[in-house]
Amino acid sequence: MNMEVSFLADHQWWKNAVIYQVYPRSFKDTNGDGIGDIPGVIEKLDYIRKLGATAIWLNPIFESPHVDNGYDVRNYEKIDPGFGTMEDAENLIKEAKKHGLKIILDLVLNHTSDQHPWFRAARKSKDSPYRDFYIWRDPKDGREPTDWASFFGGSTWAFDEQTGQYYFHLFSDKMPDLNWENPKVREEMVKIARFWLEKGVDGFRLDAVIHMAKDSRFLPVRNEDAEDETDFVLAEKYYANLPRVHDFIHEFNRAVKKDFPDAFLIGETASADTNLAVLYSSPAREECDAVITFNYLGFDTEAKDKRIPENWQQGKWNLAAFKKVMAKWQKDLYGKGYSALYWNNHDMPRLLSRFGDEQMYREKSAKMLATLMYLQWGLPILLQGEEIGMTNLKLPHLEDYEDPSIPGLAAAARKAGCTDAEILQMVQKRSKDTSRGAMQWTDEKYGGFSTYAPWLGINDDTREVNAAIQEKDPDSILQYYRKLLEIKKSMDVFKSGTWEMLAEHDPNIYAYLRTYNRQRALVVCNVSKERQTFTCPELTRTKWSCLLNNAGNSKEIPGRIVLSPYECYVLLQKNEAINGRN
Ligand code: GLC
Ligand code: CA
């Protein structure tokens, strides 16, 4: 076998990939303990491949005390016993390859668990050789060194009795941040990446990557006379997207790609804007190969009650704002960087519950939203279960949820006078657990996920909404996703074409034109529950054929299209028209 040829063919494979996100805990349990596991992923490789995905992103599978579902790593080179063994992981890598699927692991570079041997050594004494793996500061006036807030609530600083200093944590206090200024930390992280690449994985999602550099002056955010002294405030300017972070990522990239040039690095770049995203993902800068932004997913909350964080208050989706930001991402990164296209992940509610319709138009809105998103320019990332139209996990009691940010919300909401029922509703709509319900494979009691109660829960609607039923139904969401992904992967116009928004100011239509050489495609989506009409000069000037529609329409395309609720069209310019233009 000529290695060079296969290497060339594979290089930049992510430019034509479709990623399927597996949240292993909730995907498939094979040993009846209610926790999804690696053998479960192996069992479902056929399913993932048949869907049309070409790569799997696995949320963390390393040994962890699970304070934050695996994002708190105790040992990066061991598999968490709940998920299986190293042998299972090696099997997965091997079997995935046979299925033509790449494996992307979730690598947490910014912090470890407080149970990690490095931290346990570091906290023992100020002289520990591992002390400088983390960030330590003396108290300031008897309290936290700065007024910075952590993402999980409260201060970014936790006091450690043993040595009388504070350590820094951007997330939970059980997840101390690593000190990336220390070259030894950087070396260790490269070693870990190489360990897995040698085992055959194909790349990494770099968790929270924009936060690895901190402003080490540790300045306060507010001035001295701020009113509420006990409050901490988010201070992104001091711990997100600092210039220094680019050096760290670049160095990591070079060290990793030296021997593994086709290893894929996709950075979780949360708050970065398009300018920063270009820096992070431009090939010339050798940092990340692609980014996952948070910028266009939002615009669906309202601060109805100022005392409760807005993120918990579901509101109406502001399509105009979404359009504006999405257009910016499509334009600003085209030909310069590379970005993921996604509707949901394990940190947020499911797409149907936010942007679509959970009831009457469940199937139609699911198909429309997928079409709208994935035929744009970029790398599709699907969250397990979206391809069958799963909705938010709705558990009966507040105590049934595990998301560590719920107690903080509940406290604020109770203070604001909310009842328990109101709080439960907020959690059912907005918590991270909404997307972590067990995968709905069949209509059985535990949805074919397990023979035992799933660790978090499963939606009752698994009786009607499941992969087995949809496999048999030619009109199901699952079958539609397969067609859609096939189109995405096989047509240059959707892989590489330019992108131009149409009907920019229409409050109900999302439409765009993609052009590649002389091939043109039009995607028209009705994002509303009402009938809408759409027309544009392109539509009347040339002849179009219907490639895909979510309402059974495929006839001749008139110059003016009437779209039923949530209907969408994918149109392709007819060949004779292309010839006619010559
Ligand atoms: C990322 C993960 C999230 C986790 C956090 C801390 O945002 O997606 O689940 O809590 O990083 O590692
Ligand atoms: Ca299990």
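Only a predicted model underlies this, so the values are computations on that prediction, with no experimental measurement involved.

Reading guide: rules and limits
Residues numbered from 1 in each chain as written. Chains lettered and ligands numbered in written order. Predicted model: local features only at pLDDT ≥ 70, side-chain atom pairs only at ≥ 80, totals over all residues. Heavy atoms only, no water. Domains from an automatic or database assignment. Contact = heavy atoms within 4.5 Å. Buried area = accessible area lost by both parts, 1.4 Å probe. Salt bridge = Lys/Arg side-chain N within 4 Å of Asp/Glu carboxyl O. Polar contact = N/O pair within 3.5 Å; in protein donor to acceptor, adjacent residues only side chain to side chain. Helix = DSSP H or I, 4+ residues; strand = E, 2+ residues; numbered from the N terminus. Buried < 20%, exposed > 50% of the residue type's maximum accessible area, 1.4 Å probe, protein only. Pairing = 2+ DSSP bridges. Near = heavy atom within 4 Å. Areas by Shrake-Rupley, 256 points an atom, 1.4 Å probe, with all protein chains shown as cover. Axes fitted to C-alpha atoms, helices over the stretch in contact; angles between N-to-C directions. Donors = N, O, S within 2.8 Å, 3.2 Å for Na, K, Ca; no water. Core = buried A, V, L, I, M, F, W, Y, C linked by side-chain atoms within 4.5 Å.

**Concerning the domain arrangement of the protein**
Argument step 1. Looking at the protein, the domain boundaries give domain 1 (3–113 + 183–398 + 435–483) and domain 2 (497–573).
Argument step 2. Measuring from the centre of the C-alpha atoms in domain 1 to the corresponding centre in domain 2 gives 30 Å.
Argument step 3. Counting residues at the interface gives 23 residues for domain 1, matched by 30 residues for domain 2.
Argument step 4. Interface area lost by domain 1 to domain 2 is led by Lys323, Lys364 and Met368, which between them contribute 30%.
Argument step 5. For the pair domain 1 and domain 2, the interface holds one salt bridge.
Argument step 6. For Lys529, the salt bridge goes to Asp357, with nearest N and O atoms at 3.0 Å.
Argument step 7. Taken together, the connections running from domain 1 to domain 2 amount to 18 residue pairs in polar contact (both at pLDDT 80 or more).
Argument step 8. Among the secondary structure elements, those contributing two or more residues to the side of domain 1 that touches domain 2 are helix 10 (319–333), helix 12 (362–374) and helix 16 (477–490).

**Things to note about unusual backbone geometry**
Argument step 1. The phi dihedral of Asn241 falls on the positive side, at around 55°, and the residue is not glycine.
Argument step 2. Within the secondary structure, Asn241 sits in the loop between helix 7 (236–239) and helix 8 (243–257).
Argument step 3. Phi at Asn517 is positive, roughly 50°, even though this residue is not glycine.
Argument step 4. Residue placement: Asn517 occurs in the loop between strand 15 (509–516) and strand 16 (519–526).
Argument step 5. Given a relative accessible area of 66%, Asn517 falls into the exposed group.

**A closer look at the sheet that holds strand 7 (residues 157–160)**
Argument step 1. Pairing within the open sheet is antiparallel, and its three strands lie in the order 6-8-7. The open sheet has two edge strands with one neighbour each: strand 6 (136–137) and strand 7.
Argument step 2. Relative to strand 8 (residues 165–168), strand 7 is paired through four bridges, and the arrangement is antiparallel. Counterpart to Asp160 in the pairing with strand 8 is Gln165.

**Quick word on the site of ligand 1**
Argument step 1. As a structural note, the neighbourhood of ligand 1 is formed by Asp68, Tyr71, His111, Phe152, Phe171, Met175, Arg205, Asp207, Glu268, His346, Asp347 and Lys432.
Argument step 2. Within the side chain of Asp68, a nitrogen or oxygen atom sits 2.5 Å from an oxygen atom of ligand 1.
Argument step 3. Take Arg205: an N or O atom from its side chain is 3.1 Å from an oxygen atom of ligand 1.
Argument step 4. With the chains in place, 96% of the 310 Å² that ligand 1 exposes on its own is no longer accessible.

**Brief notes about the sheet that holds strand 18 (residues 544–549)**
Argument step 1. The strand order across the open sheet built from five strands is 14-15-16-20-18, with neighbouring strands paired in antiparallel fashion. Of all strands in the sheet, those bounded by a partner on one side alone are strand 14 (498–502) and strand 18. The mean inter-strand angle of the sheet, taken between neighbouring strand axes irrespective of direction, is 20°.
Argument step 2. The pairing of strand 15 with strand 16 spans eight bridges and is classified as antiparallel. Bridged to Ala511 within strand 16 is Val524.

**Digging into the coordination of the calcium ion (ligand 2)**
Around a metal, the idealised angle for a tetrahedral arrangement of four donor atoms is 109.5 degrees; for an octahedral arrangement of six donor atoms it is 90 or 180 degrees.
Argument step 1. Looking at the calcium ion (ligand 2), one finds its protein donor set to be Asp29 (OD), Asn31 (OD1), Asp33 (OD), Ile35 (O) and Asp37 (OD), positioned 2.3 to 2.4 Å from the metal centre.
Argument step 2. Ordering the donors of the calcium ion (ligand 2) by residue number gives the pattern D-x1-N-x1-D-x1-I-x1-D.

**Examining the nonpolar core**
What tends to happen in soluble globular proteins is that the nonpolar side chains get buried as a cluster.
Argument step 1. Among the nonpolar cores identified, the biggest contains 178 residues, and Tyr20, Leu107, Phe204, Phe252, Phe322, Trp343 and Tyr510 are the most heavily contacted of them.
Argument step 2. When residues of this core are assigned to domains, at least three map to each of domain 1 (3–113 + 183–398 + 435–483) and domain 2 (497–573).
Argument step 3. Setting aside chain neighbours within four positions, we find Phe252 in contact with Leu107, Leu109, Trp180, Met189, Val190, Ala193, Leu206 and Leu265.
Argument step 4. Judged by nonpolar contacts, the second largest core, of 16 residues, contains Leu513, Phe534, Trp544 and Tyr569.

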